[in-house]
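Listed below are the residues making up each chain.
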Amino acid sequence: MYHCRKKLTLLREMLAGCGAGTCQVIVTTPMEMLKIQLQDAGRIAAQKKLMAAQAQLSSSSAVGSAEPVVERRTTATQITRELLRSKGIAGLYKGLGATLLRDVPFSIVYFPLFANLNKLGQKDPNVKAPFYVSFLSGCVAGSTAAVAVNPCDVIKTRLQSLQRGVNEDTYSGILDCTKKIWQKEGPMAFLKGAYCRALVIAPLFGIAQVVYFIGIAEFLLDMLPKHRA
């Protein structure tokens, strides 16, 4: 049963998004941290393998046959144990400030934008919009928010990368990272990956909103045994 709800102002919608983004960061930051380390592990391993091959090639005439490079696969469990051993629980939350800087504005943009776009497809305020309107609204709002906060995503990724490749910069914080990227790579560097990120976020949030607005979650909750008062 749906109850009539008081319409939220735009400011309250943004504040609700801010609260949702903050709560989400607390849960997802360790997962983001591990994801970035696993993605970096392959890149760093490839660089080391290339450098070792070049070194072997240059010294092959003097040394003869060199030993092959043994490649060890890094796992999320290994990274987690190492971070907890060396830095404690704080190690899993490295780059928390940058993650908040990305995800809180994302939610502030996404939720009000989705709600207002979805309302455009409602013929009656008391009737939910068609599922395709919710899907398109989720896609547009998600991709817009993703592109809007992409500079923060670039900074977050750089700060959370523990291993550095050859000639890669190290960063002491958000401001230092922003300054070095701007000076060495230019302003367009902050939009790297924006297109791919929008392609991932758009269907993700479109599908999520369709599932929610169709009422699947409420249907499943209704199947749970109800406690008698």
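Here's a quick rundown of the structure. (Residues numbered from 1 in each chain as written. Predicted model: local features only at pLDDT ≥ 70, side-chain atom pairs only at ≥ 80, totals over all residues. Heavy atoms only, no water.)

1. Overview of the overall build of the protein
For step 1, the next point in the chain: Along the protein, the regular secondary structure elements total 8 helices and 0 strands.
For step 2, the next point in the chain: Taken from N to C terminus, the helices and strands of the protein fall in the order α-α-α-α-α-α-α-α.
For step 3, the next point in the chain: For the protein, restricting intrachain contacts to residue pairs at least 6 apart in sequence, the fraction spanning at least 24 positions comes to 77%.
For step 4, the next point in the chain: Element-wise, carbon and sulfur atoms account for 66% of the exposed surface of the protein, whose accessible area totals about 15400 Å². (Helix = DSSP H or I, 4+ residues; strand = E, 2+ residues; numbered from the N terminus. Contact = heavy atoms within 4.5 Å. Areas by Shrake-Rupley, 256 points an atom, 1.4 Å probe, with all protein chains shown as cover.)

2. What to know about helix H2 (residues 76-87)
For step 1, the next point in the chain: With 12 residues, H2 should reach 16 Å at 1.5 Å per residue; the first-to-last C-alpha distance of 16 Å fits that figure.
For step 2, the next point in the chain: Gly-88, located one to two residues past H2, shows a positive phi value of around 75 degrees. (Expected span 1.5 Å × (residues − 1).)

3. Here's the deal with the environment of Met-31
For step 1, the next point in the chain: Mapped onto the elements, Met-31 comes out in helix H1 (residues 10-63).
For step 2, the next point in the chain: Overall, Met-31 belongs to the exposed group, its relative accessible area being 53%.
For step 3, the next point in the chain: For the pair formed by Met-31 and Tyr-93, sequence separation is 62 residues and the distance between their alpha carbons is 9.4 Å. (Buried < 20%, exposed > 50% of the residue type's maximum accessible area, 1.4 Å probe, protein only.)

4. Thoughts on the pattern of salt bridges
Two side chains with opposite charge may pair up if their charged atoms get near one another.
For step 1, the next point in the chain: Summed over all chains, the structure comprises 10 salt bridges.
For step 2, the next point in the chain: Salt-bridge contacts for Glu-13 lead to Lys-119; the nearest nitrogen and oxygen are separated by 3.9 Å. Residue Glu-13 is found in helix H1, and its partner Lys-119 is found in helix H3 (residues 96-119); the two are separated by 106 residues along the sequence.
For step 3, the next point in the chain: For Glu-13, a relative accessible area of 10% puts it in the buried group.
For step 4, the next point in the chain: Here Lys-119 falls in the partly exposed class, since its relative accessible area comes to 31%. (Salt bridge = Lys/Arg side-chain N within 4 Å of Asp/Glu carboxyl O.)

5. Thoughts on the packing of aromatic side chains
For step 1, the next point in the chain: Taken as a whole and assessed by the stated rule, the structure comprises 7 aromatic pairs.
For step 2, the next point in the chain: Plain terms: the ring middles of Phe-106 and Tyr-110 are 5.9 Å apart, the flat faces sit at 10 degrees to each other, and that makes the pair stacked. Placement of both Phe-106 and Tyr-110 in helix H3 is noted, with a separation of 4 residues, approximately one turn of the helix. Of the two residues examined, Phe-106 and Tyr-110, each falls in the buried class.
For step 3, the next point in the chain: For the pair Tyr-110 and Phe-205, a centre-to-centre distance of 4.6 Å together with 55 degrees between the ring planes defines the contact as tilted. One end of the pair, Tyr-110, is in helix H3; the other, Phe-205, is in helix H7 (residues 194-214), with 95 residues separating them in the sequence.
For step 4, the next point in the chain: You can call Tyr-110 buried: its relative accessible area is 0%. (Phe/Tyr/Trp six-rings, centres within 6.5 Å; stacked < 30°, edge-to-face > 60°.)

6. A few points about a nonpolar patch on the surface
For step 1, the next point in the chain: Taken together, the side chains of Phe-131, Tyr-132, Phe-135, Leu-136, Ile-207, Val-211, Ile-214, Ile-216, Phe-219, Leu-220 and Met-223 define a hydrophobic patch exposed on the protein surface, amounting to about 1100 Å² of accessible area.
For step 2, the next point in the chain: Of all the secondary structure elements, the ones that give two or more residues to the nonpolar patch are helix H4 (131-148), H7 and helix H8 (216-223).
For step 3, the next point in the chain: Position of Phe-131 among the secondary structure elements: in helix H4.
For step 4, the next point in the chain: On the accessibility criterion, Phe-131 (53% relative accessible area) is exposed. (Patch = residues over 30% accessible without salt bridge, like charges linked within 9 Å, V, L, I, M, F, W, Y side chains within 5 Å.)

7. Observations regarding the packing of H3 against H4
For step 1, the next point in the chain: The interhelical angle for the contact between H3 and H4, taken along N-to-C directions, is 150 degrees, at an axis separation of 8 Å. The angle between H3 and H4 places the two elements in the roughly antiparallel class. In this structure, H3 crosses over H4, and the sense of that crossing is right-handed. Contact residues: Phe-106, Val-109, Tyr-110, Leu-113, Phe-114, Leu-117 and Asn-118 in H3; Val-133, Ser-134, Ser-137, Gly-138, Val-140, Ala-141, Gly-142, Thr-144, Ala-145 and Ala-146 in H4. (Axes fitted to C-alpha atoms, helices over the stretch in contact; angles between N-to-C directions. Parallel < 35°, antiparallel > 145°, perpendicular 65-115°, else oblique. Left-handed = near helix turned anticlockwise from the far one by under 90°.)

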